[in-house]
Amino acid sequence: MEIDFLLIGQGLAGTALGYRLKQAGKKIRIIDLPQENKSSRVAAGLYNPVTGRKMVKTWNADILFPEIEPFYKELEEVTGQKFLLEQAIYRPFVTIEEQNEWMGNSSDPSFAQYLEKIFTHSQSEFIKDPFGGVLLRNSGWLNINVMLDAMGAYFGEDLIADRFAEEELIWNNDAWAYREFQFKSIVYCNGLGAMQSRFFGGLPFAPVKGEILEVKQEFCPDYILNRGVFRVHLGKQIHRVGSTYTKHDLDQGPTESAKKEILERLIELVKSPVKELISHKTGIRPATRDRKPFLGKHPKEQSVYIFDGFGAKGVSLIPHYSKMMKNHLLDQNPINKEVDIERYFNYI
Ligand SMILES: Cc1cc2nc3c(=O)[nH]c(=O)nc-3n(C[C@H](O)[C@H](O)[C@H](O)COP(=O)(O)OP(=O)(O)OC[C@H]3O[C@@H](n4cnc5c(N)ncnc54)[C@H](O)[C@@H]3O)c2cc1C
């Protein structure tokens, strides 16, 4: 069977790229192993334009953020399902200095599109925000599991639930062959699975483990809370809270220490008792050494590509970079140097 692109992985990356290629009229197949530890299936799904302790605009925010909501809304329309939740993020100030700094930011035009309002007083008896806080917009969260399932149904027979066995991949003069398939190009969208690949195993991935909880708490405002931890309301007083970042104990699963850390940070943010711990999950983010994604073509092999390395920010990076990747695959448009794997060709 002759197809244009074989994609490995149906996490966020393979889903977005597969959609764009299919929309462009290309014949695709996606092979995905459902049981694998998928970063996408555990993720909170947040997109947040202002992050970090110093509260700076996230990398390339002005390029990435205008594309996030239109892209996921398009997928909602195609699938007839709802999975994008546009929601403000409330971030309490911890000091009066921080409040002053944000009063300054409020007149900076480069922050205008992300800033809903600054509060100089506490917004609720249930939040620890004695100095007020900032309400950010152009933010929200993606219900990734619903989105991946809906898109799985959209791909239909183009999606194959199986483990891709790279050792069975053969180059036959002018095309690749894998079992019954003949295809021109292969794209690795398989997160940390690419570390096992003979083509891309040398790239400097830097996996980061994350643990995340679901808890029951009565206080349910209509915004996401973020300070030390984030807290997203999933409905019925259940909130997703997290997450931790560690580069060790990658294969240990849920740990007591991470649970304790998240709950302690939650208490520092929300003054409402945790009534129940619903779940405790872990995932490993497909991060990279320089924290930039891996896009591009293998330097020596025919038509072997990678679209990977989205680390902790897949939801906000993937709409923009899946378009860049599609334009490269179909029209040989250049890939931006800072994300092109060319920067690591000496590792491959
Ligand atoms: C705790 C936690 C919280 C997070 N929170 C956020 C957040 O709030 N916002 C955000 O933007 N990001 C968040 N992330 C990061 C986010 O999960 C990633 O950026 C993104 O999901 C990566 O998607 P991916 O498709 O590249 O990789 P993955 O989700 O890992 O998908 C790879 C797919 O390839 C498949 N695969 C691998 N090898 C094979 C094989 N040999 N054969 C077949 N299939 C294979 C896997 O089964 C999987 O389905 C979080 C991650 C974690 C762990």
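For the structure itself, look to the data block above.
Quick summary incoming for the structure in this document.

About the criteria used
Residues numbered from 1 in each chain as written. Predicted model: local features only at pLDDT ≥ 70, side-chain atom pairs only at ≥ 80, totals over all residues. Axes fitted to C-alpha atoms, helices over the stretch in contact; angles between N-to-C directions. Helix = DSSP H or I, 4+ residues; strand = E, 2+ residues; numbered from the N terminus. Left-handed = near helix turned anticlockwise from the far one by under 90°. Contact = placed C-beta atoms within 7 Å. Nonpolar A, V, L, I, M, F, W, Y, C, P; charged D, E, K, R; others polar. Pairing = 2+ DSSP bridges. Expected span 1.5 Å × (residues − 1). Buried ≥ 20, exposed ≤ 12 C-beta atoms within 10 Å, placed from the backbone.

Once that is clear, we can look at the packing of helix H1 (residues 12-23) against helix H7 (residues 314-331). At a closest axis distance of 9 Å, the pairing of H1 and H7 adopts a crossing angle of 35°. Considering the relative orientation of H1 and H7, their crossing is right-handed. Contacts from Leu 12, Ala 13, Ala 16, Leu 17, Arg 20 and Leu 21 of H1 reach H7 at Gly 314, Val 315, Ile 318, Pro 319, Ser 322, Lys 323, Met 325 and Lys 326. Its residues placed into classes, the contact of H1 with H7 shows nine nonpolar, two polar and three charged.

Here we come to the sheet that holds strand E8 (residues 115-119). Hydrogen bonds between backbone groups are what pair the strands of a sheet, and the pairing can be parallel or antiparallel. With mixed pairing, eight strands are arranged side by side in an open sheet as E8-E9-E7-E16-E17-E18-E15-E19. At either end of the open sheet lies a strand with only one pairing partner, and these are E8 and strand E19 (276-285). Between one strand axis and the next, the sheet turns by 20° as a mean value, whatever way the strands run. Relative to strand E17 (residues 229-235), helix H6 (residues 256-269) is tilted by about 85°, and along the sheet it contacts strand E15 (208-216), strand E16 (224-227), E17, strand E18 (238-242) and E19.

Position of Leu 317 relative to the elements: it lies in helix H7. Linking Leu 317 and Trp 59, residues 258 residues apart in sequence, is a C-alpha distance of 9.5 Å. Once residues within four sequence positions are removed from consideration, Leu 317 is found in contact with Leu 64, Pro 293 and Phe 310.

Next up on the list: H1. Over its 12 residues, H1 runs 17 Å from end to end, which matches the ideal 16 Å to within 8%, given 1.5 Å per residue. Across the 12 residues of H1, 10 count as buried, placing the element largely inside the fold. For H1, the full list of buried residues reads Leu 12, Ala 13, Gly 14, Thr 15, Ala 16, Leu 17, Gly 18, Tyr 19, Arg 20 and Leu 21. Following H1 by one or two positions, Gly 25 adopts a phi angle in the positive range, close to 90°.

All we've got here are geometric facts, nothing functional implied.
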